[in-house]
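Breakdown of the fold
Spelled out from the first residue to the last, the chains are:
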Amino acid sequence: GGTAPPPPAASSSKASKSPKKEEFESTDVGEYKCEIAKSGRSACRLCEEKIDQGDIRVGPVYVMDRPPFMPATAWHHPKCMWLLDEHKNVKVEQIGGFKDLSPDDKADLRAVAGGGE
């Protein structure tokens with residue numbers, strides 16, 4: 001009787017891809033991030049209006065206060081974030097993702113960040 005060899009075990013490939021807890025720690029809680037909104041689903045934490053897909057969004061990274069307790073970003077419209085006292089001294093160069101923005105988007109963010117003077 002020729003028995004076929006067993007199929008490759010699915011568990012062996014999963015074992016090598018087990019999520020590493022260190023991944024979450026690589027996101028610096030307390031740092032700031034900016035990016036072009038991937039969808040129109042995020043809402044500004046200040047004005048609570050939607051941030052349109054393709055618009056710049058910016059905000060501080062924090063740890064969720066409910067499961068899964070992982071780092072998340074409190075997204076804001078740029079003009080809204082710099083209205084808040086706790087964020088008004090943030091410099092665009094301190095924001096993760098700033099260097100990846102287009103020159104026009106960098107200029108827009110700089111104008112908002114320094115626009116209060």
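The sections below set out a description of the structure shown in this document. Note on numbering: residues in each chain are counted from 1, in written sequence order. In view of the model being predicted, local features appear only for residues whose pLDDT reaches at least 70, and side-chain atom pairs are presented and counted only at 80 or more, with totals across whole chains, interfaces and linings using the full set of residues. To get the side-chain values, take all heavy atoms of the structure and skip hydrogens and water.

On to the packing of aromatic side chains, then. For this analysis, a ring pair means two rings from Phe, Tyr or Trp (six-membered ring only for Trp) whose centres lie within 6.5 Å, classed as stacked if their planes differ by under 30 degrees, edge-to-face if by over 60, and tilted for the remaining angles. For the coordinates displayed, the defined rule picks out 0 aromatic pairs. The ring of Phe 98 carries Lys 106 above its face, with NZ or CZ at 5.8 Å from the centroid. We call a charge positioned over a ring when the NZ of a Lys or the CZ of an Arg lies within 6 Å of the ring centre and within 35 degrees of the ring normal.

To continue, consider the pattern of salt bridges. Any carboxyl oxygen of Asp or Glu that lies within 4 Å of a side-chain nitrogen of Lys or Arg is treated as forming a salt bridge with it. Inspection of every chain in the model, using the stated rule, returns 6 salt bridges. Arg 66 serves as the salt-bridge partner of Asp 65, at 3.8 Å between the closest nitrogen and oxygen. Here Asp 65 matches Arg 66 in class, with each residue exposed. Lys 88 is the partner of Asp 85 in a salt bridge, and the nearest nitrogen-oxygen pair spans 3.6 Å. Salt bridges sharing partners connect three or more residues here, namely Glu 35, Lys 38 and Arg 57. The classification of residues rests on relative accessible area computed with a 1.4 Å probe and restricted to protein chains. Under 20% of the type maximum is buried, over 50% is exposed, and intermediate values are partly exposed.

Once that is clear, we can look at the sheet that holds strand S2 (residues 56-63). One open sheet accounts for 4 strands, arranged S3-S2-S1-S4; its pairing is mixed. Of all the strands in the sheet, just strand S3 (71-73) and strand S4 (95-96) have a single pairing partner and so form its edges. Paired strands, in this sense, are two strands between which DSSP finds at least two bridges. Each helix is a run of H or I in the DSSP string that is no shorter than four residues. Each strand is a run of E no shorter than two, and both are numbered from the N terminus. Across 5 bridges, the pairing between strand S1 (residues 32-36) and S2 is antiparallel. Among the inter-strand pairings, Lys 33 is bridged to a residue of S2, identified as Gly 59.

Another aspect to go through is the nonpolar core. Residues belong to one nonpolar core when they are buried, are Ala, Val, Leu, Ile, Met, Phe, Trp, Tyr or Cys, and are joined through side-chain atoms within 4.5 Å. By size, the foremost hydrophobic cluster in this structure holds 12 residues: Tyr 32, Cys 34, Ile 56, Val 58, Met 81, Trp 82, Val 90, Val 92, Ile 95, Phe 98, Leu 101 and Leu 109. If you list the elements that add at least two residues to this core, you get S1 and S2. Leaving out residues up to four positions away in the same chain, Val 58 has contacts with Lys 33, Cys 34, Ala 74, Trp 75, His 76, His 77, Pro 78, Met 81, Trp 82 and Ile 95. Counting residues in each nonpolar core, the second largest holds 5 residues, with Cys 44, Ile 51, Trp 75 and Cys 80 among its members. Throughout, a contact is declared for two residues whenever any of their heavy atoms are within 4.5 Å.

Another aspect to go through is the side chain of Ser 39. Following the sequence through the fold, Ser 39 ends up in the loop between S1 and S2. You can call Ser 39 buried: its relative accessible area is 18%. Here a polar contact means two N or O atoms within 3.5 Å. Within protein one must be a hydrogen donor candidate and the other an acceptor candidate, and residues neighboring in sequence count only if both atoms are side-chain atoms. Looking at Ser 39, its side chain comes within polar contact range of the main-chain nitrogen of Arg 41, at 3.2 Å. Beyond its immediate sequence surroundings of up to four residues, Ser 39 is in contact with Ile 51, Asp 52 and Gln 53.

Where S1 lies against S4, 2 bridges are found, and the strand directions are parallel. Bridged to Lys 33 within S4 is Gly 96.

This part takes up a nonpolar patch on the surface. A patch is a set of surface residues, each over 30% in relative accessible area and not in a salt bridge, joined within 9 Å for like charges and within 5 Å for the nonpolar side chains Val, Leu, Ile, Met, Phe, Trp and Tyr. Shrake-Rupley sampling with a 1.4 Å probe provides the accessible areas, and residues are treated as covered by the protein chains on show and by no other component. Taken together, the side chains of Val 29, Val 63 and Phe 69 make up a nonpolar region of the molecular surface, amounting to roughly 270 Å² of accessible area. Positionally, Val 29 belongs in the loop between helix H2 (22-25) and S1.

Tracing the backbone shows Asn 89 in the loop between helix H3 (78-81) and S4. As a C-alpha pair, Asn 89 and Ala 113 span 24 residues in sequence and 8.3 Å in three-dimensional space.

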